[in-house]
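Examination of the molecular architecture
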Amino acid sequence: MSVSASVATIDRQTVTALFSSFGSALDAHHDARDRVIKASRDITAASKKIIFALQRVKYVDAEIQRDDPNKAGIKLDSKIAGDIGGLERKITDAFGAVKDDLQGAGAWRYQRQISGAIQEYIEALLFREYLMDRWILSHKEVQKLVGHEFLVTYSDYILGLLDTTGELMRFAITNLYDVTASGVVQVSAIAKQICQLLRTLRIGFSALRVNSSSHTSSTEFVKKLNTLYNSVDKVEKAVYSLTVRGSELPEGWIPGDDDDGRI
Amino acid sequence: MLLISFHHTVHAFSADMASAMDLEIFNKCQDSIDRDSEIRENIRNLTKVIDQHMRSILSILSTAHSTPSSSFPTFAARTTKSFQFQKEAIQKLASLASQHPFYKYNALWSRTLQNAAFAVLFRDWLVNEGNAYIAYHSGSSKPEERDEPTETSKENDDVRSKVGQLTSLERVCETLGVKPGLEDENTFHLTLEEYLQATISLINELSRLALNSVIMTENSNYSTPTRINYFIKQLQAGFLILNLKNDALRSRVDSIKYDVKKVEEVIYDLSLRGLIRK
């Protein structure tokens, strides 16, 4: 009798049932995603705290393992070591909470959500390992430390490594000089080593060919690469200044004061 | 050439530089970038082919906007060949993509598959609509009686027949030659989000068709806009069931209300003039 009657056969209940089933699939996905984002925040925050704790270590005050001069690393005092241990446990717990969500297809599905945290954690791992053992961990070594149940992409490793260079620069600047027994101010061994390491990284990274249109994190890479160039410049400049003027420095001079907080 | 120059740079490292790190890191990094670029390039080339077939299908289907509803099944049939080509191209993509974790490169073809799914939904809708139109207007004074048996016969069928003209996810996958969205599988599939996005594209397209079908209507048979109105309102109600986050799907779902409004205005105009009975 009326036109609308011809379409009334579409079943409202079926639409409801269909979309309800879609809804539960979407809800499960959103819940997993939210859990990963939360864990990601916790991991990032704890990793940053580890880095800050390591930056507070005064190289000159720290007990240094002297057995191998090339590998001479820092021994952390028990307070800092304890703090870092606590933070590490937080990170392990946060990873554990999303272990199931990041399995199988989830590893890549939520990669973007966990990626930032992984990079930050890599930064903490690399920085600590360098200070303790004077060694830059490889991707494989990092994957082992994070755990094989979690995906550490090569891209995250590289970006984490580039972030670490900023921390190394800070550490080199704050620990720029030693005062010898005879009272002479000189460039510290650690500053020299970091300077050399940053140059190595600069050479290696600047030779990489990154196809900007094809690599997901290439813009980030280029940005971080520029930061690395600046860090190398800062350390080189600081080491140079101290080398030239070191012997004339007044007591109590703090390196980096003339840098206008650019560090 | 470039690869050679890179390895030369590695030779530029002095011996003491190697003490704090494994210089292989840079080679491995380059390898990883090169491999990734190559895969992306290959996937992009395949999506371009799929897009091309999708465009030729859609150009045929968009005839709907300038022909009477009764001709829908006829020209929809002309897409069969392109659908076949598209299916073959998608299968090539599927076999390449299956070599990698599914979500690693999913973003590269997601839009392509979404559009391809929309083409299926639109074609099926048009065929159904054309048949419904012909059935309804073939001199019948009692349309309910004519429509009843066809719908009842489908009732025991899959979800597709129950929702009427909305082709189910499983059926769309079948037409495209992919697996349906198996959430936890790493195999190549059409995701639920892609299917829902395609459904919204259908709603968009139909809101335009509601207007154009009025222009093209033969003998004052204005049943197509009425069916569109009913259909998209059903879907709108369906989308309201979903808990959406602030993501791409959300913003498109929000756009449905404008399509509904557009069609309602057509219905209003027609009923105001007594061209359809409510």
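Residues numbered from 1 in each chain as written. Chains lettered and ligands numbered in written order. Predicted model: local features only at pLDDT ≥ 70, side-chain atom pairs only at ≥ 80, totals over all residues.

1. A few points about the overall build of chain B
A tally of regular secondary structure across chain B gives 12 helices and two strands. The N-to-C order of helical and strand elements in chain B reads α-α-α-α-α-α-α-α-β-β-α-α-α-α. By the burial criterion, 38% of the 278 residues in chain B qualify as buried. Considering only residue pairs separated by 6 or more positions, chain B has 74% of its internal contacts joining residues 24 or more positions apart. (Helix = DSSP H or I, 4+ residues; strand = E, 2+ residues; numbered from the N terminus. Buried ≥ 20, exposed ≤ 12 C-beta atoms within 10 Å, placed from the backbone. Contact = placed C-beta atoms within 7 Å.)

2. Topic: the domain arrangement of chain A
Residue and element names in this part refer to chain A. Once the domains are mapped, chain A shows domain 1 (24–152) and domain 2 (153–263). Every contact between the two is made by 18 residues of domain 1 and, on the other side, 18 residues of domain 2. If you list the elements that add at least two residues to the side of domain 1 that touches domain 2, you get helix 1 (12–55), helix 4 (111–133) and helix 5 (139–146). In terms of residue count, the dominant contributor to the side of domain 1 that touches domain 2 is helix 4 (nine residues). When the residues that make up the side of domain 1 that touches domain 2 are grouped by side-chain class, the tally is 11 nonpolar, five polar and two charged. (Domains from an automatic or database assignment. Nonpolar A, V, L, I, M, F, W, Y, C, P; charged D, E, K, R; others polar.)

3. Focus on the nonpolar core
Grouped together as the largest cluster of nonpolar side chains are 65 residues, with contacts concentrated most on Ala172(A), Ile194(A), Leu198(A) and Val235(A). When contributions to this core are tallied by element, the ones reaching two or more residues are helix 1, helix 2 (78–97), helix 4, helix 6 (154–174), helix 7 (189–206) and helix 8 (218–245) of chain A together with helix 2 (24–61) of chain B. For this core, the element with the most residues is helix 4 of chain A, which contributes 11 residues. Mapped onto the domain boundaries, this core takes at least three residues apiece from domain 1 (24–152) and domain 2 (153–263) of chain A. Contacts of Ile194(A), omitting those with residues within four sequence positions, involve Leu168(A), Phe171(A), Ala172(A) and Val235(A). Counting residues in each nonpolar core, the second largest holds 62 residues, with Leu46(B), Leu209(B), Ala210(B) and Ile232(B) among its members. (Core = buried A, V, L, I, M, F, W, Y, C linked by C-beta atoms within 7 Å.)

4. A closer look at helix 10 (residues 223–241) of chain B
For helix 10 of chain B, which comprises 19 residues, the first-to-last C-alpha distance of 28 Å matches the rise-based estimate of 27 Å (1.5 Å per residue) to within 8%. Most of helix 10 of chain B sits inside the fold, with 14 of its 19 residues counted as buried. (Expected span 1.5 Å × (residues − 1).)

5. Considering the packing of helix 4 of chain A against helix 6 of chain A
Residues and elements named next belong to chain A. Direction vectors running N to C along helix 4 and helix 6 enclose 50°, while the axes themselves pass 8 Å from each other. Judged by the inter-axis angle, helix 4 sits oblique to helix 6. Two packed elements cross with a definite hand, and for helix 4 against helix 6 that hand is right-handed. Where helix 4 abuts helix 6, its residues Ser 115, Ile 118, Gln 119, Ile 122, Glu 123, Leu 126, Phe 127 and Tyr 130 lie against Asp 156, Tyr 157, Leu 159, Gly 160, Leu 161, Asp 163, Thr 164, Glu 167 and Leu 168. Looking at the contact of helix 4 with helix 6 residue by residue, the class counts come to nine nonpolar, four polar and four charged. (Axes fitted to C-alpha atoms, helices over the stretch in contact; angles between N-to-C directions. Parallel < 35°, antiparallel > 145°, perpendicular 65-115°, else oblique. Left-handed = near helix turned anticlockwise from the far one by under 90°.)

6. Quick notes on the packing of helix 5 (residues 102–137) of chain B against helix 8 (residues 169–176) of chain B
All names here are of chain B. Packing of helix 5 against helix 8 leaves a shortest axis separation of 10 Å and a crossing angle of 110°. Viewed along their axes, helix 5 and helix 8 adopt a mutual orientation that is roughly perpendicular. When helix 5 is examined against helix 8, the residues Ala 116, Ala 117, Val 120 and Leu 121 are found in contact with a partner set consisting of Val 172, Thr 175 and Leu 176. By residue class, the composition of the contact of helix 5 with helix 8 is six nonpolar, one polar and no charged.

7. Describing unusual backbone geometry
All names here are of chain A. Unlike most non-glycine residues, Arg 134 shows phi in positive territory, near 55°. Along the chain, the position of Arg 134 falls in the loop between helix 4 and helix 5. Given 21 C-beta atoms within a 10 Å radius, Arg 134 is considered buried.

8. Digging into the confidence of the model for chain A
Model confidence for chain A is summarised by a mean pLDDT of 84, while 81% of its residues fall at 70 or above. The low-confidence segment residues 1–9 of chain A, where pLDDT is below 50, has 22 contacts with residues more than four positions distant or belonging to other chains. (pLDDT = per-residue confidence, 0-100.)

9. Section: the environment of Asp101(A)
Turning to its location among the elements, Asp101(A) is positioned in the loop between helix 2 and helix 3 (106–109). Taking the C-alpha atoms as reference, Asp101(A) lies 9.5 Å from Asp31(A); in sequence the two are 70 residues apart.

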